[in-house]
Amino acid sequence: MVGTNTPRKFQIKIAVLPGDGIGTEIVAEAIKVLKVLDLSFEMETALVGGAAYEAHGHPLPPATLELAKAADAILFGAVGDWKYDSLDRPLRPEQAILGLRKNLSLFANFRPAICYEQLVNASSLKPELVSGLDILIIRELTGDIYFGQPRGRRVATDGHFPGTQEAFDTMRYSKPEIERIAHVTFQAARKRNKKVTSVDKSNVLETFQFWKDVVTEVHAQYPDVALDHMYVDNAAMQLVKEPKKFDVIVTGNMFGDILSDEASMLTGSIGMLPSASLNAKNQGLYEPSHGSAPDIAGKNIANPLATILSAAMMLRFSLNQTAAADRIESAVSAVLSQGLRTADIYSQGTQKVSTQQMGDAVVAAITKTSKG
Ligand code: NAD
């Protein structure tokens, strides 16, 4: 079950899928960090997204999928570029993520939104609203409107829909899908402040009245955890009004997509936010919450910390290496305390560093603690 750790005696296998845009730059820094830990990993890299489409004509080639399936964990960068917008939808880079989620049954997406004290002033909200912020958004990942049926549309070669009068996607959730994400959520809440907010749109959508009913039913098995329900529009508002009132938020795929991006800005930058997508066997895909940022790709200015923190989550959730995860997280905090900032989190009085310099600084902070 997600969140439990089983001891491993065999070699740890990590599939490394850097992807497109800044994906290759930030994953390189996370690998640098993993390599200075005293752990032995088998890491194998494969193409995914636009890079895989260019080389093999498909964003998730069979060899990449097989590598991912055979691994204990996947370290993922980001995929996508606007130049692929006119491709048929199944060939677009982003389909690789949907394919990995579906094929590996990665149904639980954990997105912590933690505001580092050193970055309180980088948030778009007043410091007193975000100081000490530590919330966890759990997004259901394999159901909802993103996987509804029917979803096919005939796409013209230029990517437009001449003569089309209507387009639709269906929203659906099955009872087992809601039950399993609810169990994962209540179990995660037990390790935190035992407070869950289930976000829905039950006033308008049947799917989310069902969601609310099933979450409430599962809650009966977790009487020690407090549960409340909130409409998604109100949740979007409360997240900027009083974000610290939340502890764990659980919601469906689409609402979770939007709310977790909103929450990311509370922490200063989307470049700081890691994420984990887990299945029932604790196998996970670990990636930053942001995309491939084509606007800054190749400039050595992207913030690698979300990816480095995703590697820490990987060590904690899938690889049973809690001490190593702690070391990475402490090193990230140390470099922020040193005043080092990539451009996205830079403010006056701090020192602007490149992607590689930030990775080097985290490595140095880890090495220093091993020696000390
Ligand atoms: P994005 O997250 O790539 O970028 C949004 C903004 O945040 C940009 O200004 C970018 O420069 C900035 N940004 C993102 N990550 C950063 C980092 N680490 N450091 C500094 N700044 C950072 O979102 P977008 O521009 O809407 O999408 C770009 C491409 O990424 C699209 O093709 C989209 O489909 C894809 N995408 C992929 C994923 C994924 O791979 N999981 C997620 C979201 C978007």
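Engineer: Can you help me understand the site of the ligand in this one?
Structural biologist: Near the ligand there are 21 residues, and of these Val79, Glu94, Gly291, Ala293 and Asp295 occur at the shortest range. Between the ligand and the protein, one listed contact pairs an oxygen atom with a backbone N or O atom of Asp81 at 3.3 Å. Between the ligand and the protein, one listed contact pairs an oxygen atom with a backbone N or O atom of Ala293 at 2.8 Å. In the complex, 71% of the free accessible area of the ligand, which totals 810 Å², lies under the protein chains. Tallied by class, the residues present in the shell around the ligand amount to ten nonpolar, six polar and five charged.

Engineer: What is the right way to read the packing of aromatic side chains from this model?
Structural biologist: Aromatic ring pairs are described here by two measures, namely the spacing of the ring centres and the angle between the planes. What the rule picks out here adds up to seven aromatic pairs. Look at Tyr173 and Trp211: their rings are 5.3 Å apart centre to centre, the planes differ by 55 degrees, and that puts the pair in the tilted class. On the criterion of sequence distance, the pair formed by Tyr173 in the loop between strand 5 (134-140) and helix 6 (175-190) and Trp211 in helix 7 (residues 206-219) is long-range, its members being 38 residues apart. In this structure Tyr173 comes out as buried when scored by relative accessible area, which is 7%. Ring geometry for Phe208 versus Phe255: centroids 4.8 Å apart, planes at 35 degrees, classification tilted.

Engineer: Help me understand the pairing of strand 5, please; the structure alone is not making it clear to me.
Structural biologist: On any regular strand, side chains alternate: one points to one face of the sheet, the next to the other face. Burial of strand 5 is extensive: six of the seven residues sit out of reach of the surface. In this structure, strand 5 lies alongside strand 8 (residues 248-251), joined through four bridges in parallel fashion. Looking at the pairing, Ile138 lines up with Val250 of strand 8.

Engineer: What's the story with the packing of helix 1 (residues 23-35) against helix 10 (residues 305-317) in this structure? I'm lost.
Structural biologist: Geometry of a packed helix pair, given as the angle between the helix axes and the separation of the axes. Contact geometry for helix 1 and helix 10: axes closest at 8 Å, N-to-C directions at 45 degrees. Taken together, the axes of helix 1 and helix 10 are oblique relative to one another. In the packing of helix 1 onto helix 10, the handedness of the crossing is right-handed. Counting all contacts with helix 1, which are made through Ile26, Val27, Glu29, Ala30, Val33 and Leu34, the residues of helix 10 involved are Thr307, Ile308, Ala311, Met314 and Leu315. Here the contact of helix 1 with helix 10 is built from residues that sort into nine nonpolar, one polar and one charged.

Reading guide: rules and limits
- Counting starts from 1 at the beginning of each chain's written sequence and moves along it residue by residue.
- Per-residue local features are limited, in this predicted model, to residues with pLDDT of at least 70; the limit for side-chain atom pairs, both in listing and counting, is 80 or more; totals at the level of whole chains, interfaces and linings are taken over all residues.
- The side-chain quantities take in all heavy atoms of the structure and omit both hydrogens and water.
- For each residue, the test is whether any non-hydrogen atom lies within 4 Å of the molecule or strand; if one does, the residue is near.
- Under this definition, polar contacts are N or O atom pairs within 3.5 Å; protein pairs additionally need one hydrogen-donor-capable and one acceptor-capable atom, and for neighbouring residues in sequence, both atoms have to be side-chain atoms.
- Under the convention used here, a 1.4 Å probe and the Shrake-Rupley method define accessible areas, while residue burial counts only the protein chains that appear.
- Only Asp, Glu, Lys and Arg are considered charged in this grouping, and only Ala, Val, Leu, Ile, Met, Phe, Trp, Tyr, Cys and Pro are considered nonpolar; every other residue, Gly among them, is considered polar.
- Aromatic rings from Phe, Tyr and Trp, taking only the six-membered ring of Trp, are treated as a pair when their centres fall within 6.5 Å; an angle between ring planes under 30 degrees marks them as stacked, one over 60 as edge-to-face, and anything in between as tilted.
- The secondary structure listing takes helices from DSSP runs of H or I that are at least 4 residues long and strands from runs of E that are at least 2 residues long, numbered from the N terminus.
- The cut-offs for exposure are 20% and 50% of the maximum accessible area for each residue type, with area from a 1.4 Å probe on protein chains only; residues under the lower value are buried, those over the upper are exposed, and the others partly exposed.
- A pair of strands is treated as paired once DSSP finds two or more bridges between them.
- The angle between two axes is taken between their N-to-C directions and runs from 0 to 180 degrees, where each axis is a line fitted to C-alpha atoms and a helix contributes only its stretch in contact.
- Working definition: roughly parallel below 35 degrees, roughly antiparallel above 145 degrees, roughly perpendicular at 65 to 115 degrees, and oblique for all remaining angles.
- Helix crossings fall into two classes, left-handed where the near helix is turned counterclockwise from the far one by less than a right angle and right-handed where it is turned clockwise.
- By definition, residues are in contact when any of their heavy atoms lie within 4.5 Å.

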